[in-house]
Amino acid sequence: MPDNARPLIVLASTSRYRRELFERLRLPFEVHAPQVDELPLPHESPRDLALRLAREKASSVAALFQRAVVIGSDQIADLDGAMIGKPQTHEAALAQLESLQGRRAVFYTALAVVDADGHMQIDCVPTTVMFRSSTRQQLEHYLRADQPYDCAGSAKIESLGIALAEGVESTDPTALIGLPLIRLTAMLAAAGIDVLNPA
């Protein structure tokens with residue numbers, strides 16, 4: 001590869017939300033599914049789990065590509081120390097939302113970037129969400145409308161799920177959706193990719 005050629009960018013993810021977010025940066029990229037065990041380790045905190053999974057996703061895909069920039073990310077929600085993952089079913093999503101009523105949850109979105117020389121940057125962006133108290137009828141209506149069964153915490157904040165929130169605190173508005181683009185653009189710059197001057 002010539003020295004001035006832009007390296008291949010690979011998003012190590014199966015998430016359509018992360019793919020759609022990365023498309024905002026208007027860079028050519030490929031998507032490759034990482035092969036990692038997402039079960040938490042004993043006594044692993046939600047933040048540590050998110051960081052480990054982002055690191056393992058990036059590393060597993062980077063091993064398959066020579067001199068590529070590989071991006072891994074993961075998100076785990078934390079409710080008073082308890083992990084909240086993807087509900088997968090309507091019943092589990094309803095139980096999650098009922099447990100979040102009137103409470104604060106922290107969503108840890110971890111990010112790992114492996115550059116073309118194999119060096120890794122890793123970081124985690126927390127987002128605190130204060131949930132409103134909603135009736136069961138309101139929660140059922142929301143779940144039928146948004147079907148957020150593949151979202152940690154069962155709420156799509158970029159969609160009708162915004163009505164479930166009393167407030168959101170974060171340094172990056174895209175972190176809660178699944179890929180913190182403010183932090184990612186800085187990490188890409190450190191990896192030699194300036195999204196505002198990609199030539």
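This text follows the structure it describes.
Residues numbered from 1 in each chain as written. Predicted model: local features only at pLDDT ≥ 70, side-chain atom pairs only at ≥ 80, totals over all residues. Heavy atoms only, no water.

1. Considerations on the overall build of the protein chain
In terms of regular secondary structure, the protein chain is built from five helices and seven strands. When the helices and strands of the protein chain are read in sequence order from the N terminus, they spell out β-α-β-α-β-β-α-β-β-α-β-α. Radius of gyration (C-alpha) of the protein chain: 17 Å, near the 16 Å computed for a compact globule of 199 residues. In the protein chain, the share of contacts with a sequence separation of at least 24, taken over all contacts with a separation of at least 6, comes to 66%. Carbon and sulfur atoms form 50% of the exposed surface of the protein chain, whose accessible area is close to 10100 Å². For the protein chain, the distance from the average position of its 19 positive side-chain charges to the average position of its 25 negative side-chain charges is 3 Å. (Helix = DSSP H or I, 4+ residues; strand = E, 2+ residues; numbered from the N terminus. Rg over C-alpha atoms; globule rule 2.2 N^0.38 Å. Contact = heavy atoms within 4.5 Å. Areas by Shrake-Rupley, 256 points an atom, 1.4 Å probe, with all protein chains shown as cover. Lys, Arg positive; Asp, Glu negative; His and termini not counted. Charge placed at Lys NZ, Arg CZ, Asp CG, Glu CD.)

2. Details of helix H1 (residues 16-23)
Given 3.6 residues to a turn, an α-helix orients residues that are three or four positions apart in the same direction. Of all the positions in H1, only Tyr 17, Arg 18, Leu 21 and Phe 22 are classed as buried. Projected onto a plane normal to the axis of H1, the buried residues spread over an arc of 130 degrees and lie on a single side. Residues of H1 that are buried sit in contact with strand E1 (8-12), helix H2 (46-62), strand E3 (68-79) and helix H5 (181-190). N-cap assignment for H1: the residue whose side-chain oxygen lies 3.2 Å from the backbone N of Tyr 17 is Ser 15. (Buried < 20%, exposed > 50% of the residue type's maximum accessible area, 1.4 Å probe, protein only. Arc of directions from axis to C-beta. Polar contact = N/O pair within 3.5 Å; in protein donor to acceptor, adjacent residues only side chain to side chain.)

3. Description of H2
Taking 1.5 Å of rise per residue, 17 residues should cover 24 Å, and H2 covers 24 Å from first to last C-alpha, within 8% of that figure. When H2 is considered as a whole, its buried residues turn out to be Pro 46, Leu 49, Ala 50, Leu 51, Arg 52, Leu 53, Ala 54, Lys 57, Ala 58, Val 61 and Ala 62. (Expected span 1.5 Å × (residues − 1).)

4. Quick word on the environment of Arg 6
Note on placement: Arg 6 falls in the segment before E1. Distance from Arg 6 to Pro 28, taken between C-alpha atoms, is 10.0 Å for residues 22 residues apart in sequence.

5. What about the layout of surface pockets?
Where empty space is left becomes clear once a probe the size of a water molecule has been rolled over the atoms. Of the pockets and cavities examined, the largest pocket occupies roughly 650 Å³. In terms of lining, the largest pocket is formed by 32 residues, of which the most central are Arg 18, Gln 75, Lys 86, Asp 150 and Ala 152. Broken down by secondary-structure element, the contributors of at least two residues to the lining of the largest pocket are H1, H2, E3, strand E4 (82-84) and strand E6 (120-131). Class assignment of the residues belonging to the lining of the largest pocket gives a composition of 17 nonpolar, six polar and nine charged. (1 Å grid on protein atoms, 1.4 Å probe; cavity = no way out; pocket = protein on both sides within 12 Å on 5 of 7 lines; lining within 4 Å. Points joined across faces, edges and corners; volume = space filled by probe spheres on them. Nonpolar A, V, L, I, M, F, W, Y, C, P; charged D, E, K, R; others polar.)

6. Re the pattern of salt bridges
Using the criterion set out here, one finds ten salt bridges in the structure. For Glu 169, the salt bridge is made with Arg 104, and the minimal N-O distance between the two is 3.7 Å. Pair noted here: Glu 169 is in strand E7 (residues 165-169) and Arg 104 is in strand E5 (residues 104-114), with a separation of 65 residues, a long-range link. The exposure class of Glu 169 is partly exposed, given its relative accessible area of 47%. Taking the shortest distance from any N to any O, the salt bridge between Glu 166 and Arg 132 comes out at 3.6 Å. Residue Glu 166 is found in strand E7, and its partner Arg 132 is found in the loop between E6 and helix H4 (136-146); the two are separated by 34 residues along the sequence. With relative accessibility at 54%, the residue Glu 166 sits in the exposed group. (Salt bridge = Lys/Arg side-chain N within 4 Å of Asp/Glu carboxyl O.)

7. Remarks on the pairing of E6
Pairing geometry for E5 and E6, over eleven bridges, is antiparallel. Along E6, the bridge assignment pairs Val 106 with Thr 128. Count of turn residues in the E5/E6 antiparallel hairpin: five residues, of which Gly 118 carries a positive phi of about 90 degrees. Sheet analysis places E6 next to E7, joined by four bridges and oriented antiparallel. Residue pairing across strands places Thr 128 opposite Glu 169, the latter belonging to E7. (Pairing = 2+ DSSP bridges.)

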